[in-house]
Amino acid sequence: MRTLVLSDIHANLAALEVVLADAEGQWERVWFLGDLVGYGPQPNECVERLRALEPLALTGNHDWAVLDKLDVDDFNTEARMVVRWTQRTLTAENRAYLQDLPPRRVAPPFTLAHASPRHPVWEYILDLPTALANFAHFDTACCLVGHTHVPAVFALDEASGEMDFALVEHGDVLDLSRHRLIVNPGGVGQPRDGDPRAAYALLDDEAMTMEFRRVPYDIAATQALMRDLKMPRRLIKRLEQGM
């Protein structure tokens, strides 16, 4: 089966719509790895658009903050401002949808976690020691994570104990049948690898491959909405920087 893998939409409808258009006709189901809201200007629209796809979906740390499941004071000033605005803006129906999402699921041979299998809501897997520690916290061959907004692969050769790390680019195809893996498809709504294009992946679980995709979207349109809402300048600027 072909799966559209999305993460970290962050209320950026323009980015989500372009990703869906780019992947049209190439998937049969959707997996979403969390952080549907936060940072961006269209939380209700993004929740409703994703819900319509009937995805296997997770919650993320920003989703939890909006639901008062995390202390908003743990966020930086800009993120905290948008969390509080989102709390005021989100409809009761969309809030209820977020409320029901777990931070981790298992869909053999895959584990899905927003941040990490060890700490599903809030842990950044950005280095080899953190990745290595997390392999002990899932039993499947591959774990899909989001949270960092950086498309990347950590591969563990259990026979030798050696582990490799690689950033991935548009068009890269990963063989999922070799070694155990922690894989991040990157962020749809707020990439942080220096490439401002929306990131996503297409998973083929029969061929056991994952193709990484990048697609440009109308960043200026999202920024204009954010300016109208008087959202923090740093959050507006970072969209064009991909940081």
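The structure we're discussing is the one just above.
Residues numbered from 1 in each chain as written. Predicted model: local features only at pLDDT ≥ 70, side-chain atom pairs only at ≥ 80, totals over all residues. Heavy atoms only, no water.

Here we take up helix α8 (residues 233-241). For α8, every residue scored as buried is listed here: Leu235, Ile236, Arg238 and Leu239. Looking down the long axis of α8, one finds its buried residues gathered within 165° of arc, a one-sided arrangement. The inward-facing, buried residues of α8 contact α4 (77-89) and α7 (219-228). Note on α8: the residue one or two positions beyond its end, Gly242, has a positive phi of about 65°. (Buried < 20%, exposed > 50% of the residue type's maximum accessible area, 1.4 Å probe, protein only. Helix = DSSP H or I, 4+ residues; strand = E, 2+ residues; numbered from the N terminus. Arc of directions from axis to C-beta. Contact = heavy atoms within 4.5 Å.)

Our focus in this paragraph is the nonpolar core. Ranked by internal contacts, the top residues of the largest apolar core, which has 44 residues, are Leu6, Leu36 and Leu98. Looking at this core element by element, the count peaks at five residues for helix α1 (residues 13-22). Among residues more than four places away in sequence, those in contact with Leu36 are Ile9, His10, Ala11, Cys46, Val47, Leu50, Asp63, Tyr97 and Leu98. Counting 21 residues, the second-largest nonpolar core is a separate cluster that includes Trp31, Leu33, Leu176 and Leu181. (Core = buried A, V, L, I, M, F, W, Y, C linked by side-chain atoms within 4.5 Å.)

As summarised here, the arrangement of the six strands in space is β3-β2-β1-β11-β12-β9, forming an open sheet in which the pairing is mixed. Whereas interior strands pair on both sides, the edge strands pair on one side only; in this sheet they are β3 (56-57) and β9 (173-175). Across seven bridges, strand β11 (residues 198-204) lies against strand β12 (residues 209-215) in antiparallel orientation. Bridge pairing links Ala201 to Phe212 in β12. (Pairing = 2+ DSSP bridges.)

Glancing now at the environment of Arg233. Structurally, the position occupied by Arg233 is in helix α8. Between the C-alpha atom of Arg233 and that of Gln223, which follows or precedes it by ten residues, the distance is 9.4 Å.

For the structure shown, the criterion picks out zero disulfides. Cys142 carries a free sulfur, and the closest cysteine sulfur to it, the one in Cys143, is 7.1 Å from it. (Disulfide = S-S within 2.5 Å.)

What follows deals with unusual backbone geometry. Across the junction of Pro108 and Pro109, the peptide omega takes the value 5°, indicating a cis bond. Mapped onto the elements, Pro109 comes out in the loop between β4 (104-107) and β5 (110-113). In this model, Asp8 sits at a positive phi of 50°, which is unusual for a non-glycine residue. The residue Asp8 is located in the loop between β1 (2-6) and α1 in this model. A residue is classified by how much of its surface remains accessible, and Asp8, at 0% relative accessible area, is buried. The phi dihedral of Met208 is positive, around 55°, even though this residue is not glycine. Relative to the elements of secondary structure, Met208 occurs in the loop between β11 and β12. A relative accessible area of 17% places Met208 in the buried class.

It is worth spelling out the sheet that holds β4 at this point. Within the open sheet, the six strands sit side by side as β4-β5-β6-β10-β7-β8. Their pairing is mixed. Edge positions in the open sheet fall to β4 and β8 (162-167), since each of these has one partner strand only. Each neighbouring strand pair of the sheet contributes to a mean axis angle of 15°, computed without reference to strand direction. Pairing analysis gives four bridges linking β5 to strand β6 (residues 142-145), with the strands arranged parallel. Bridge assignment links Leu112 to a residue of β6, and that residue is Leu144. (Axes fitted to C-alpha atoms, helices over the stretch in contact; angles between N-to-C directions.)

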